[in-house]
Amino acid sequence: MQAFMGCFCFKKVKNKPGHNYKDPLILASETPFTVHEVKALYDLYKRLSSSIIKDGLIHKEEFQLAVFRNSSNQNLFADRVFDSFDAKRNGVIEFGEFVRSLSVFHPRAPESDKTAFLFRLYDLRQTGYIDREELKEMLLALLGESDLSLSNDMVEMILEETMVKADSKGDGKIDEEEWREFVKNNPSVLKNMTLPYLQDLTTLTFPTFVPNNEAEIIGRNS
């Protein structure tokens, strides 16, 4: 299967910090990263932010090129991942946003943060809950970024199973409380939300949400 997230090896560079640089001590105090890890992330950030537009900021095209190996394909999933990093909603990812967003994948990041991150990813219309249509849209987008091919009947069956498990109130939508309980009972949902090598930044791989097999889709049991 074609790798979903690119792998970036990097060396220290001697360029002076740009205007987008944030004090590693501050970022380390706000995230699970150490000062050393933040400095290593800045080396990576500089490479990504100059891959297409050399302005010291990561644009969507650069993000998609790094993460999806393509800077032009439009995909709902790709857009949601970019938006989750672009906290200021200004169309670019600044260094502080980059570090804070990656921190949720750190082994020392609280599981509650990882759970909340995924909820926001699936809450497409930012209503505070996930309905069946949003779940379907994201599932189809995930399949579009993977090598998995499922029939319409299989997709509908997965959606139905997920709603039955997660929508404990039976109102046709999944709120944050129900989502937390669903993740607690289906821990495989968070399988790709922890990257052990974020503690050893010799090589950095972006996080992946794309399932490797049918059993990983929305925490579905095989």
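Now for a quick tour of the structure. Please read these numbers as outputs of a predicted model, since none were measured by experiment. (Residues numbered from 1 in each chain as written. Predicted model: local features only at pLDDT ≥ 70, side-chain atom pairs only at ≥ 80, totals over all residues. Heavy atoms only, no water.)

All right, on to the overall build of the chain then. Helices and strands together make up the secondary structure of the chain, namely 9 helices and 6 strands. Scored against the burial criterion, the 222 residues of the chain give a buried share of 48%. Residue pairs in contact within the chain that sit at least 24 positions apart in sequence constitute 63% of those at least 6 positions apart. (Helix = DSSP H or I, 4+ residues; strand = E, 2+ residues; numbered from the N terminus. Buried < 20%, exposed > 50% of the residue type's maximum accessible area, 1.4 Å probe, protein only. Contact = heavy atoms within 4.5 Å.)

The subject of this paragraph is helix α6 (residues 111–122). The first and last C-alpha atoms of α6 sit 17 Å apart over 12 residues, in line with the 16 Å expected at 1.5 Å per residue. Of the residues making up α6, those classed as buried are Lys114, Thr115, Phe117, Leu118, Phe119, Leu121 and Tyr122. Of the surrounding elements, those touching the buried residues of α6 are α4 (76–85), β4 (129–131), α7 (132–144), β5 (173–175) and α9 (176–185). (Expected span 1.5 Å × (residues − 1).)

Now for the packing of α4 against α6. The contact between α4 and α6 brings their axes to 9 Å, and the two run at 130 degrees. Considered as vectors, α4 and α6 are oriented oblique to each other. Here α4 runs over α6; the crossing is right-handed. Contact residues: Phe77, Arg80, Val81 and Ser84 in α4; Phe117, Arg120 and Leu121 in α6. The class makeup of the residues in the contact of α4 with α6 is 4 nonpolar, 1 polar and 2 charged. (Axes fitted to C-alpha atoms, helices over the stretch in contact; angles between N-to-C directions. Parallel < 35°, antiparallel > 145°, perpendicular 65-115°, else oblique. Left-handed = near helix turned anticlockwise from the far one by under 90°. Nonpolar A, V, L, I, M, F, W, Y, C, P; charged D, E, K, R; others polar.)

Take a nonpolar patch on the surface next. Together, Ile52, Ile53 and Leu65 give the surface a local cluster of nonpolar side chains, amounting to about 210 Å² of exposed area. In this structure, Leu65 sits in helix α3 (residues 60–68). (Patch = residues over 30% accessible without salt bridge, like charges linked within 9 Å, V, L, I, M, F, W, Y side chains within 5 Å. Areas by Shrake-Rupley, 256 points an atom, 1.4 Å probe, with all protein chains shown as cover. Salt bridge = Lys/Arg side-chain N within 4 Å of Asp/Glu carboxyl O.)

Here we come to unusual backbone geometry. Even without being glycine, Arg89 reaches a positive phi, approximately 55 degrees. With respect to the helices and strands, Arg89 occurs in the loop between α4 and β3 (92–93).

Here Ser49 shows up in the loop between α2 (35–48) and β2 (58–59). Within the structure, Ser49 has its side chain in polar contact with the backbone oxygen of Lys46 (distance 3.2 Å). When neighbours within four sequence positions are excluded, Ser49 is seen to be in contact with Lys54, Asp55, Gly56, Leu57, Ile58 and Glu62. (Polar contact = N/O pair within 3.5 Å; in protein donor to acceptor, adjacent residues only side chain to side chain.)

Here the focus is the packing of aromatic side chains. Per the counting criterion, the structure on display carries 9 aromatic pairs. Seen in terms of ring centroids, Tyr45 and Phe95 are 5.4 Å apart; in terms of plane orientation they differ by 65 degrees. Their pairing is edge-to-face. Here Tyr45 is found in helix α2, whereas its partner Phe95 is found in helix α5 (residues 95–102), with 50 residues between them in sequence. There is no split in this pair, since Tyr45 and Phe95 are both buried. (Phe/Tyr/Trp six-rings, centres within 6.5 Å; stacked < 30°, edge-to-face > 60°.)

Now for the environment of Leu48. With respect to the helices and strands, Leu48 occurs in helix α2. Of the residues examined, Leu48 reaches a relative accessible area of 6% and is grouped as buried. Note: C-alpha distance between Leu48 and Ile58 (10 residues apart in sequence) is 6.5 Å.

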